[in-house]
Number of protein chains: 4
Amino acid sequence: MAQRGTLGVAVVGTGKMGADHVRRIQEVTSGARVAAVVDVDAERAKAVAARADGCTAYTDPAAAMAAADVDAVLIASPGPAHEAALLTAFEHGLPVLCEKPLTPDAASALRVLEAERKVGRRLVQVGFMRRYDAEYLRLKSLLETGQLGRPLMLHNRHRNVASAPDWRSEMLINDSVVHEMDVTRWLLGQEITAVTVLCPRPSANAPDALRDPQFVVFETDGGAVVDVEIFVNCGFGYQVQAEVVCERGTARIGEGHAMVTNMAGRWGGTIAQDFTERFADAYDRELQTWVDATRADEVIGPSVWDGYAVAAVCEAGVRSLEEGGRAEVELVERPGLYA
Amino acid sequence: MAQRGTLGVAVVGTGKMGADHVRRIQEVTSGARVAAVVDVDAERAKAVAARADGCTAYTDPAAAMAAADVDAVLIASPGPAHEAALLTAFEHGLPVLCEKPLTPDAASALRVLEAERKVGRRLVQVGFMRRYDAEYLRLKSLLETGQLGRPLMLHNRHRNVASAPDWRSEMLINDSVVHEMDVTRWLLGQEITAVTVLCPRPSANAPDALRDPQFVVFETDGGAVVDVEIFVNCGFGYQVQAEVVCERGTARIGEGHAMVTNMAGRWGGTIAQDFTERFADAYDRELQTWVDATRADEVIGPSVWDGYAVAAVCEAGVRSLEEGGRAEVELVERPGLYA
Amino acid sequence: MAQRGTLGVAVVGTGKMGADHVRRIQEVTSGARVAAVVDVDAERAKAVAARADGCTAYTDPAAAMAAADVDAVLIASPGPAHEAALLTAFEHGLPVLCEKPLTPDAASALRVLEAERKVGRRLVQVGFMRRYDAEYLRLKSLLETGQLGRPLMLHNRHRNVASAPDWRSEMLINDSVVHEMDVTRWLLGQEITAVTVLCPRPSANAPDALRDPQFVVFETDGGAVVDVEIFVNCGFGYQVQAEVVCERGTARIGEGHAMVTNMAGRWGGTIAQDFTERFADAYDRELQTWVDATRADEVIGPSVWDGYAVAAVCEAGVRSLEEGGRAEVELVERPGLYA
Amino acid sequence: MAQRGTLGVAVVGTGKMGADHVRRIQEVTSGARVAAVVDVDAERAKAVAARADGCTAYTDPAAAMAAADVDAVLIASPGPAHEAALLTAFEHGLPVLCEKPLTPDAASALRVLEAERKVGRRLVQVGFMRRYDAEYLRLKSLLETGQLGRPLMLHNRHRNVASAPDWRSEMLINDSVVHEMDVTRWLLGQEITAVTVLCPRPSANAPDALRDPQFVVFETDGGAVVDVEIFVNCGFGYQVQAEVVCERGTARIGEGHAMVTNMAGRWGGTIAQDFTERFADAYDRELQTWVDATRADEVIGPSVWDGYAVAAVCEAGVRSLEEGGRAEVELVERPGLYA
């Protein structure tokens, strides 16, 4: 297979996520370099650009994408800016790794989907990085062997130490459970058809008016039932666990029990304190996979369809949260490009 | 505290459960003997009576309860026979250990409750034996320390190798989830106010027309959300697990990981194959606790109120199963006797 | 099988261990009662006797053993008093449960062995209670299936929170590792032929001059190598673990992981703080087994030969500790009574 | 810190290990390229060179090291060829990553050590890759916090599915336990002063005349006692575990329990089948660390002193294996270069 040389990447957005991707491309990823960084804050763009040899700072994404040494785009700007950046990349025919969410709602995701269809080939990989986590990959491999039979249920736990003070109840759905939505669809190969959100009386440790924790139930078009505990002020650590229950057995990941100590009357170990610790490898693998595929002129991984479908499930989740009861998910027909 | 001598027990019902209790009283329990056994099948009653010194066989519960050497009654007959046996025991003022269910429905349980109120003191301990399991007891002790804060959610797994061929879908609620109903009420000290049953597409290993597995969600009057996976044809073993999620931490029981082997490419251990293996100690402890309390003229443990409340929750569960959606639980006011 | 009525037991020694056995016979064990208690301290004997109906206090073991209502003897006095009490019991032909050690050294154990041989049948069960622990029993069962092949190595961990201030280095061998000596012989069915003790630089938490921890290696006549970490001031808990390594796999017990919590940045659970917590069930099962066997006129369980062989291994261990290097174990020929 | 551009690496030896390092540099490592490959088998060298852009094949290491585009050397040839290759690299002043063993015996390792001393600065990183394993690194970090107190003992398990048919007993020491020798020295920061090898009766699954398993005990100059179970025909998997026992607690790694399944009467998971699966990340991290350090003109990681000290411990181990008993380790004085 023919392979391109070192990939020149334009990183759009140099906030926490973007700056971390710049570091990753420089220090971890093989076969890519940061050719351009873009930020509306020109000073910040310059500061980040200075960390990489031969990297130019821009304030306009279109200018960066027009540069001769830019072969691909990594979008890490705030969600509302994604749509415009994606459309510009499409005009230049550039492959894109777009951080999640694809866009902030289903309607805008659908516009991006239409635009990519007009291009006629896939250009976008969406940053659902759990698909690159070693444990989730093992779980999927096991399911694919068929040893356990058909999946019937999937139990998920998703816990953060503490939320930012300005978090609102719907963000537990849109920013956190969004990962389990993608995991459910990817792991089971099924679409989510309905969402029900139940709210226990909130924890005393949650900020005022935040409904935390929440218990979310998905139904799928393959007849599976999926539950998610989302608890963003659990206090004790960052924990992501999944147990899939199949016809002949179950499999569970996310215990994180690498080192066991005996100390002061207790056995056990430490719990990760944030997602960068838990998913560091997944981010590395996600980016390397994208670079490798792009250099081979391929686009694989989560698609614009995935970004759109998850946005629609989020909207149903927020409806259930706000109105109570079960909310159905409506999807447009799946275009052939994403078959 | 004054203590009676060896307790003479009449065991009503000599099927699998009753015969096992006769063995337990003879070989395991301290301070009690089997004075009488009762069964409509006179031959079976005689055969079981022959295993214990000085034990008389009866076909009529009333006759056994009138015998001079009978101090207490253990009811292990089929559920529909419980009400009559309980009322007879009340007439004789005899303390009773009654296997679950107290009675088959909420209306009959309410009649028993009224009868015990007329007696004016508690006579009945209901056989919810999970309250005597060492792991559940540890979990409850931990909750009572307050270290974890208030309970917000409780996740339960309840799995059997295979169901009898004649099991019907509502039996998953009435015979299996009934245990989690009692556990929820006892562990959290809250009443269940609503039940929602979701049914995944049934496992290919379930008998025709049996909705197995089911995913059951309780809401409680203390604002907790409780979920139960019930899967009676899981194929791989008998497993009962519970994780309580509190404001400052979680606690999980039921892993059953006493012995770990490395063999043939796998690490791990065996899974119990039925409830007698998993809960042998709980049955021993339940019976010994009842004998000790009875000899001290006390009645403790699960009450007729518990039996009634669980029957009412079961009825709501079956409504949800049959009609879909969320079913509310209606309870009469709690009498002072059970405060 | 003919079975005697309730067994009248004389408990010799009413210190911590003896008093606990009195409680156990009264409250836990089925088929036995405390008919007599014996202690050189008459007041203490009377106080303990008062706790059991129809129990007489003695200061002389011989007087108790001559009483008409005494059917069997439980010796829980200090080790140096065991030989005399055993010989007296032999004179009365009474079955004995003798707390470990059988006697304080191999020479005295050999005298007891000769005396029992003269009686011509086994009367003594030695109190090596680990053989009655559910986890050790599971391990032995697994070995007996042959699934794992022949045992090659056995790794043991034996940890106490803290030793009494007056502990001496040889007590780690004689009072603690003595259990692993019996476990090794029982689990593998092999005799220990040599002992090597290695002493790391002592922990700062050990009392002055106490060599703690120690690392002890056994060689057996079946070609197995066994290691024991003994650490009596580990500070964090009481832990007894064993992993047997066989030709086709390994098996490990003693993790004690019944309940798992997530709290304050850590997952895990509590560690038992002493042996009564870890081995409560083993003591109960040991005593019940002895009562059941005695009522059936049988003597099973650890024998005087086991008590003698372990005493000889202890002596080799202390030689290795004091002189360095490897010490061989010399045993007399095994009498047919103990084949 | 000034940093060189992309590092041109000459890989000496294109067998299994060498070819894998070529792949790693090409696909995984950031900041390096394969500029040259060397093998006495010219065809094999050419075939491997063809996989990397701008890579030249050589049969003579000296020629490769003289090439203008070679900045550093990775030695992966058979052990007996290491000394000559190292000395050549020293002549060219090239930094080297040398696969373990540094050289086949202590005498030759000492010659390399003297040669590097004459160069006057460190050039060599020895390939003890366990120091780069995430779990060992976590264990070392924990020890360095001092929370657990001083290390007293270290228990190790090292198991392979099956050995090659031509393995000889001393290879268990020289090729396998060699890793625990390095781990002991690195983790505890102490030198090994004596080795004792005990041999259980060999497993029936070991090739004829192979003493497998072996149980190896180290004593250190810091007063620690270390034991290693080495079992190269355990049949069930590749397992490397370590538990360090300190004054206030213990810590254990190597369980490998990422995914837990329930299936067919058993809970548990799979065991890795070889070292490439268990230590894939460690190899990646080792190489990246070497590339990063080299580009920053630094030499860190295991030194020639480490290679020499381990060779001397191996020799003591083989003496104990062949002659029985305890063998002392003699080291030359540690040169200041390796302080």
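Conventions adopted
- Residues numbered from 1 in each chain as written.
- Chains lettered and ligands numbered in written order.
- Predicted model: local features only at pLDDT ≥ 70, side-chain atom pairs only at ≥ 80, totals over all residues.
- Heavy atoms only, no water.
- Helix = DSSP H or I, 4+ residues; strand = E, 2+ residues; numbered from the N terminus.
- Rg over C-alpha atoms; globule rule 2.2 N^0.38 Å.
- Buried < 20%, exposed > 50% of the residue type's maximum accessible area, 1.4 Å probe, protein only.
- Least-squares fit on C-alpha atoms with pLDDT ≥ 70 in both.
- Contact = heavy atoms within 4.5 Å.
- Salt bridge = Lys/Arg side-chain N within 4 Å of Asp/Glu carboxyl O.
- Pairing = 2+ DSSP bridges.
- Axes fitted to C-alpha atoms, helices over the stretch in contact; angles between N-to-C directions.
- Expected span 1.5 Å × (residues − 1).
- Polar contact = N/O pair within 3.5 Å; in protein donor to acceptor, adjacent residues only side chain to side chain.
- Buried area = accessible area lost by both parts, 1.4 Å probe.
- Domains from an automatic or database assignment.
- Nonpolar A, V, L, I, M, F, W, Y, C, P; charged D, E, K, R; others polar.
- 1 Å grid on protein atoms, 1.4 Å probe; cavity = no way out; pocket = protein on both sides within 12 Å on 5 of 7 lines; lining within 4 Å.
- Points joined across faces, edges and corners; volume = space filled by probe spheres on them.
- Phe/Tyr/Trp six-rings, centres within 6.5 Å; stacked < 30°, edge-to-face > 60°.
- UniProt positions renumbered as here; feature names shortened; annotations may be inferred.
- Core = buried A, V, L, I, M, F, W, Y, C linked by side-chain atoms within 4.5 Å.

### Points about the overall build of chain A
Inference 1: For chain A, the count of helices and strands is 9 helices and 15 strands.
Inference 2: Taking 2.2 N^0.38 as the reference for a compact globule, 339 residues should give roughly 20 Å; the C-alpha atoms of chain A span a radius of gyration of 20 Å, in line with that estimate.
Inference 3: Dimensions of chain A along its principal axes, counting C-alpha atoms only, are 55 × 55 × 45 Å.
Inference 4: Taken across its 339 residues, chain A has 62% of its residues classed as buried.

### Details of the relation of the copies chain D and chain A
Inference 1: Once turned by 180 degrees and shifted 0.0 Å along the axis, chain D lies on chain A with an RMSD of 0.0 Å. Seen this way, the second copy is the image of the first under a two-fold rotation axis. Minimal C-alpha distance to the rotation axis in chain D is attained by S30 of chain D, lying at 2.3 Å.
Inference 2: Interface residue correspondence from chain D to chain A reaches 100%, placing this contact among same-surface, isologous pairings.

### Regarding the relation of the copies chain A and chain B
Inference 1: Superposition of chain A onto chain B requires a rotation of 180 degrees combined with a translation of 0.0 Å along the rotation axis, giving an RMSD of 0.0 Å.
Inference 2: The fraction of interface residues of chain A whose copies in chain B are also interface residues reaches 100%, indicating that both copies meet through the same surface.

### Things to note about the pattern of salt bridges
Inference 1: If you walk through the whole model with that rule in mind, you get 100 salt bridges over all chains.
Inference 2: Three or more residues joined by partner-sharing salt bridges are found here, namely R131, D182, R185, E191, D306 and R334 of chain A.

### Some thoughts on the sheet that holds strand β1 (residues 7-12) of chain D
Residue and element names in this part refer to chain D.
Inference 1: Pairing is parallel in the open sheet, where 6 strands are placed in the order β3-β2-β1-β4-β5-β6. Of all the strands in the sheet, the pair left with one neighbour each is β3 (56-58) and β6 (124-127). This sheet shows a mean twist of 25 degrees between the axes of neighbouring strands, independent of strand direction.
Inference 2: In terms of strand pairing, strand β2 (residues 32-38) meets β3 through 3 bridges, oriented parallel. In the strand pairing of β3, A36 is matched with T56.
Inference 3: Of the strands in this sheet, β1, β2, β4 (72-75) and β5 (96-99) are in contact with helix α1 (residues 16-27), which crosses β2 at around 155 degrees.
Inference 4: Across the face of the sheet, helix α4 (residues 82-91) comes into contact with β4, β5 and β6 while running at roughly 175 degrees to β5.

### Here's the deal with the sheet that holds strand β4 (residues 72-75) of chain B
All names here are of chain B.
Inference 1: Pairing in this open sheet of 6 strands is parallel, and the strands run β3-β2-β1-β4-β5-β6 from one edge to the other. With one partner strand each, in any of the chains shown, β3 (56-58) and β6 (124-127) form the two edges of the open sheet. This sheet shows a mean twist of 25 degrees between the axes of neighbouring strands, independent of strand direction.
Inference 2: Across 6 bridges, strand β1 (residues 7-12) lies against strand β2 (residues 32-38) in parallel orientation. When the sheet's bridge partners are listed, A10 is paired in β2 with A36.

### As for helix α5 (residues 106-119) of chain A
Residues and elements named next belong to chain A.
Inference 1: With 14 residues, α5 should cover 20 Å at 1.5 Å per step; its first-to-last C-alpha distance of 20 Å lies within 8% of that length.
Inference 2: Along α5, the residues that are buried comprise A106, S108, A109, V112, L113, A115 and E116.
Inference 3: Considering only its buried residues, α5 is in contact with α4 (82-92), β6 (124-127) and α9 (304-323).
Inference 4: A distance of 3.3 Å separates the backbone nitrogen of A107 from a side-chain oxygen at the start of α5, and that oxygen is part of D105.
Inference 5: Taken from the residues just after α5, G120 is the one with a positive phi, measuring 95 degrees.

### A closer look at the interface of chain D and chain A
Inference 1: Facing 29 residues of chain D, the contacting portion of chain A comprises 29 residues.
Inference 2: Interface of chain D and chain A: buried area, both sides summed, is about 2200 Å²; carbon and sulfur atoms make up 47% of it.
Inference 3: Inspection of the region where chain D meets chain A yields 0 salt bridges.
Inference 4: Applying the counting criterion to the chain D and chain A interface returns 8 residue pairs in polar contact (both at pLDDT 80 or more).
Inference 5: Breaking the side of chain D that touches chain A down by element, the ones donating at least two residues are α1, α6 (134-145), β12 (249-253), β13 (260-263) and α9 (280-295) of chain D.
Inference 6: When residues of the side of chain D that touches chain A are assigned to their parent elements, the largest contribution, 5 residues, is made by β12 of chain D.
Inference 7: In this structure, strand β13 (residues 260-263) of chain A lies alongside β12 of chain D, joined through 4 bridges in antiparallel fashion. Considered in β12 of chain D, the bridge of N262 of chain A is made with T250 of chain D.

### What to know about the domain arrangement of chain A
Residues and elements named next belong to chain A.
Inference 1: What the domain assignment reports for chain A is domain 1 (7-130 + 281-303) and domain 2 (133-278 + 310-338).
Inference 2: Once you take the C-alpha centre of each, domain 1 and domain 2 turn out to be 26 Å apart.
Inference 3: Regarding the contact of domain 1 and domain 2, the summed buried area is about 1800 Å², with carbon and sulfur atoms giving 65% of it.
Inference 4: The three residues of domain 1 that bury the most area against domain 2 are K100, F128 and R130, which together make up 41% of that side's buried surface.
Inference 5: At the junction of domain 1 with domain 2, the criterion picks out 1 salt bridge.
Inference 6: A salt bridge links E180 to R130; the nearest nitrogen and oxygen atoms lie 2.8 Å apart.
Inference 7: At the junction of domain 1 and domain 2, the tally comes to 7 residue pairs in polar contact (both at pLDDT 80 or more).
Inference 8: Contributing elements (two or more residues each) for the side of domain 1 that touches domain 2: α5 and α8 (275-295).
Inference 9: It is α5 that contributes the most residues to the side of domain 1 that touches domain 2, 5 residues altogether.
Inference 10: Split by residue class, the side of domain 1 that touches domain 2 holds 7 nonpolar, 2 polar and 9 charged.

### Examining the interface of chain A and chain B
Inference 1: Across the contact, 38 residues belong to chain A and 38 residues belong to chain B.
Inference 2: For the pair chain A and chain B, the summed buried area comes to about 2800 Å², and 57% of that belongs to carbon and sulfur atoms.
Inference 3: At the junction of chain A and chain B, the tally comes to 6 salt bridges.
Inference 4: Across the salt bridge formed by R252 of chain B and E255 of chain A, the nearest N and O atoms sit 3.3 Å from each other.
Inference 5: Our count for the contact surface shared by chain A and chain B stands at 14 residue pairs in polar contact (both at pLDDT 80 or more).
Inference 6: Elements with a contribution of two residues or more to the side of chain A that touches chain B: β7 (151-159), β9 (214-220), β10 (225-231), β11 (239-246) and β12 (249-253) of chain A.
Inference 7: With 5 residues, the top contributor of residues to the side of chain A that touches chain B is β7 of chain A.
Inference 8: The residue inventory of the side of chain A that touches chain B, partitioned by class, reads 16 nonpolar, 9 polar and 13 charged.

### With respect to empty space enclosed by the protein
Vacant regions in the atomic arrangement are exposed by a probe of water-molecule size rolled over the atoms.
Inference 1: In this structure the tally under the stated criterion is 7 cavities of 30 Å³ or more.
Inference 2: Empty space within the largest cavity amounts to approximately 350 Å³.
Inference 3: As for the largest cavity, its lining consists of 20 residues, and the residues nearest its centre are H257 of chain A, H257 of chain B, H257 and W267 of chain C together with H257 of chain D.

### What about the packing of aromatic side chains?
Inference 1: All told, the structure shown has 16 aromatic pairs over all chains when counted by the stated rule.
Inference 2: On the basis of an interplanar angle of 75 degrees and a centroid distance of 5.7 Å, the ring pair of W267 of chain A and W267 of chain C is categorised as edge-to-face. Of this pair, W267 of chain A sits in strand β14 (residues 266-270) while W267 of chain C is found in strand β14 (residues 266-270), placing the two residues in two different chains. Across the pair, W267 of chain C and W267 of chain A agree in class, each one buried.
Inference 3: Relative to F279 of chain C, the ring of Y238 of chain C has its centre 6.3 Å away and its plane inclined at 80 degrees; by these criteria the two rings are edge-to-face. Of this pair, Y238 of chain C sits in the loop between β10 (225-231) and β11 (239-246) while F279 of chain C is found in the loop between α8 (275-278) and α9 (280-295), placing the two residues 41 residues apart along the sequence.

### Quick word on the UniProt feature "domain: Gfo/Idh/MocA-like oxidoreductase N-terminal" (unreviewed entry) in chain A
Inference 1: In this numbering, the UniProt entry assigns the feature "domain: Gfo/Idh/MocA-like oxidoreductase N-terminal" (unreviewed entry) to residues 8-128 of chain A.
Inference 2: Segment residues 8-128 of chain A splits into 42% helix and 22% strand. End C-alpha atoms: 22 Å apart.

### A closer look at the nonpolar core
Inference 1: Judged by nonpolar contacts, the single largest core of 84 residues is most densely connected at L102, V124, M181, V195, V216 and F218 of chain D.
Inference 2: Not counting the four nearest positions on each side in its chain, V124 of chain D is found in contact with L86, F90, V96, C98, L102, E116, V299, P302, S303 and V304 of chain D.

### Considerations on the UniProt feature "domain: Gfo/Idh/MocA-like oxidoreductase C-terminal" (unreviewed entry) in chain A
Inference 1: Listed under "domain: Gfo/Idh/MocA-like oxidoreductase C-terminal" (unreviewed entry) in the UniProt record, and renumbered for this structure, are residues 140-327 of chain A.
Inference 2: Span residues 140-327 of chain A is 36% helix and 29% strand, its end C-alpha atoms 28 Å apart.

### A look at the packing of α6 of chain D against helix α7 (residues 169-188) of chain D
Residue and element names in this part refer to chain D.
Inference 1: At a minimum axis separation of 10 Å, α6 and α7 run at an interaxial angle of 30 degrees. In this structure, α6 uses Y136, L137, L139, K140 and L143 to contact α7, whose residues at the interface are V183, W186 and L187.
Inference 2: For the contact of α6 with α7, the class distribution of residues is 7 nonpolar, no polar and 1 charged.

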